[in-house]
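What follows is each chain in one-letter form.
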Amino acid sequence: MSSDPGSLARLRRTVTRSISPENPDGAPGGGGRATEGTGAHSARDLGRGWKVSPSVDVAAGETLTLGGIDGAGVITHLWITTHTDHWRTLVLRAYWDGAEEPAIEVPYGDFFCQGWGVFSQVSSQMIAVNPHGGFNSYWPMPFRTGARLTLENVSEQPARVYFQITVEQGGDHSRDGCLHAQWRRSNPLEDRTPHVIVDGVQGHGQYVGTYLAWGANSPGWWGEGEVKFYLDDDEEFPTICGTGTEDYFGGAWNFDVPGAGYTPYTTPYLGMPQVIRPDGLYASQQRFGMYRWHVADPIRFASALRVDVQALGWRSGGRYLPLRDDIASTALFYLDAPVAARPPAPTADAMEIHTGTGGAPRA
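Computed from a prediction, not measured in an experiment: that's the story for all the values here. (Residues numbered from 1 in each chain as written. Predicted model: local features only at pLDDT ≥ 70, side-chain atom pairs only at ≥ 80, totals over all residues. Heavy atoms only, no water.)

1. Some details on the pairing of strand E11 (residues 146–153)
Phase 1: Along E11, six of the eight residues are buried, which leaves the element largely enclosed by surrounding structure.
Phase 2: Of the strand pairs in this sheet, strand E3 (residues 63–70) and E11 are connected by seven bridges, and their pairing is antiparallel. The residue of E11 that forms the bridge with Thr65 is Thr150.
Phase 3: Sheet topology note: the strand E5 (residues 90–96)/E11 ladder contains seven bridges and is antiparallel. Bridging from a neighbouring strand, Val91 pairs with Glu152 of E11. (Buried < 20%, exposed > 50% of the residue type's maximum accessible area, 1.4 Å probe, protein only. Helix = DSSP H or I, 4+ residues; strand = E, 2+ residues; numbered from the N terminus. Pairing = 2+ DSSP bridges.)

Below is the structure:
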């Protein structure tokens, strides 16, 4: 499970399995046996074993089970891809240890730092996104008795999905936390109210990651607000209080390189890989995508967790200006339980984005 290169030589009594449309249950010797599938027509001259089932079609309103796993293990890698049209219309869920409620419940694109339905390269340790929509997760996802990953299509159009889940089966995961991922959106943010990233989490664990898809609804600088972590018995005031939004994501001075303006960057633990600029027509607002992985610096809590971020700009006289921006957050944390308090499930309307590719429908 360790990502330390020094541990690669260490022998373990575990086995590697891979779940994909070519081997839906990851069985030993079970790959490449399909006789029907989305590639059957293309393989008609070659036959069985020649990419007969490389993908799955998810019908409108349907939920696809990507993989079900029995026993103990850990998901070490998830690769998945689909058309950009579906990045904000699919909901990714993960269930651990027989739980009926998901620990991970987020829009497909947001889990991979692609909240605006537009590709941006991400070259981080935990998430890698490569041309043109190759989504990779290296978040360890351990489980004790079983795991189930699903993908729900909340749109009115079918989605063709390619995926591969790598699992290390066996081992002792009794001391590992369960990975949780939660999504919330404020659109627009209430007046003089922080955007909630996580709330109501009870138990012992560590907070490990934040992704924000931030849409500026006003001109001017938008990232003066603080990110705050309320740990354990904190109520009115947090234990951890940052100094500004760009500071939390490892940037500085408004992400503004003189002469270049907002400057995208992607590094192992933090980045702002996406800057979407107005086009003078329908794409009228600036939009940003930012991630911060607390891998080297996990934020540990003993009994409770709450996280929020302010939206602040500047007004005359050097005064802060509370903003009412469009903020969508994905929070990742490990917890000593497979289920935690979570927000309502993402709906089609809640996830909807307007990329500025057209005006009103024509009669």
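From this point on, the discussion continues.
2. Some words on the nonpolar core
Phase 1: In this structure, Trp96, Phe111 and Trp139 are the most contacted members of the largest nonpolar core, which totals 53 residues.
Phase 2: Counting residues in hydrophobic clusters, the runner-up holds 35 residues, among them Val198, Ala216, Leu323 and Ala340. (Core = buried A, V, L, I, M, F, W, Y, C linked by side-chain atoms within 4.5 Å.)

3. Observations regarding unusual backbone geometry
Phase 1: In this structure, His132 follows Pro131 across a cis peptide bond, with omega equal to -15°.
Phase 2: The topology assignment puts His132 in the loop between strand E8 (127–130) and strand E9 (134–137).
Phase 3: The omega torsion across Asn187 and Pro188 is -5°, close enough to zero to call that bond cis.
Phase 4: Within the secondary structure layout, Pro188 lies in the loop between strand E13 (178–186) and strand E14 (195–202).
Phase 5: Its identity is not glycine, yet Lys51 carries a phi of approximately 55°, on the positive side.
Phase 6: Following the sequence through the fold, Lys51 ends up in the loop between strand E1 (15–19) and strand E2 (56–58).
Phase 7: With relative accessibility at 58%, the residue Lys51 sits in the exposed group.
Phase 8: In the Ramachandran plot, Asp97 falls in the positive-phi region, its phi being about 55° despite a non-glycine side chain.
Phase 9: What makes Asp97 partly exposed here is its relative accessible area of 21%.

4. Quick notes on the environment of Gly205
Phase 1: Counting through the fold element by element, Gly205 comes out in strand E15 (residues 205–215).
Phase 2: Looking at Gly205, the relative accessible area reads 4%, which means it is buried.
Phase 3: Separated by 27 residues in sequence, Gly205 and Cys178 have C-alpha atoms that sit 8.9 Å apart.
Phase 4: Ignoring any residue separated from it by four or fewer positions in sequence, one finds Gly205 in contact with Ile299, Arg300, Phe301, Tyr334 and Leu335. (Contact = heavy atoms within 4.5 Å.)

5. Quick notes on the pairing of strand E25 (residues 312–315)
Phase 1: Pairing geometry for E25 and strand E26 (residues 319–322), over four bridges, is antiparallel. Paired with Leu312 across the strands is Pro322, a residue of E26.
Phase 2: Between E25 and E26, which pair antiparallel one after the other, the connecting turn spans three residues, and Gly317 there sits at a positive phi close to 75°.

6. Overview of the environment of Thr76
Phase 1: Note that Thr76 resides in strand E4 (residues 73–81).
Phase 2: On a C-alpha basis, the gap between Thr76 and Thr65 in space is 18 Å, while along the polypeptide they are 11 residues apart.
Phase 3: Ignoring sequence-local partners within four residues, the contact set of Thr76 consists of Ser137, Tyr138, Thr166, Val167 and Glu168.

7. Thoughts on the pattern of salt bridges
Phase 1: Counted under the stated rule, the structure contains 11 salt bridges.
Phase 2: Residues Glu105 and Arg342 are paired through a salt bridge, measuring 3.0 Å at the closest nitrogen-oxygen approach. Here Glu105, found in strand E6 (residues 104–107), pairs with Arg342, found in the loop between strand E27 (326–335) and helix H3 (348–351); they are 237 residues apart in sequence, far enough to count as distant.
Phase 3: Owing to a relative accessible area of 7%, Glu105 belongs among the buried residues under this scheme.
Phase 4: We classify Arg342 as partly exposed; its relative accessible area is 31%.
Phase 5: In this structure, the salt-bridge partner of Asp326 is Arg185, at a minimum N-O distance of 2.7 Å. Of this pair, Asp326 sits in strand E27 while Arg185 sits in strand E13, and the two are 141 residues apart along the sequence. Side by side, Asp326 and Arg185 carry an identical accessibility label, which is buried.
Phase 6: Salt bridges linked by common partners bring Arg93, Glu101, Glu105, Glu152 and Arg342 together as one network. (Salt bridge = Lys/Arg side-chain N within 4 Å of Asp/Glu carboxyl O.)

8. Comments concerning the side chain of Arg287
Phase 1: Mapped onto the secondary structure, Arg287 falls in strand E22 (residues 287–293).
Phase 2: Of the side chains bearing the opposite charge, Asp326 lies closest to the buried Arg287, which forms no salt bridge; the N-O distance is 6.1 Å.
Phase 3: A distance of 2.5 Å separates the side chain of Arg287 from the backbone oxygen of His354, its partner in a polar contact. (Lys, Arg positive; Asp, Glu negative; His and termini not counted. Polar contact = N/O pair within 3.5 Å; in protein donor to acceptor, adjacent residues only side chain to side chain.)

9. Section: the sheet that holds strand E17 (residues 240–241)
Two orientations exist for strands paired in a sheet by backbone hydrogen bonds: parallel and antiparallel.
Phase 1: In space, the four strands of this open sheet follow the order E14-E24-E16-E17, with antiparallel pairing throughout. Of all the strands in the sheet, the pair left with one neighbour each is E14 and E17.
Phase 2: The pairing of strand E16 (residues 227–231) with strand E24 (residues 304–309) spans five bridges and is antiparallel. If you follow Val227 over to E24, its bridge partner there is Val309.

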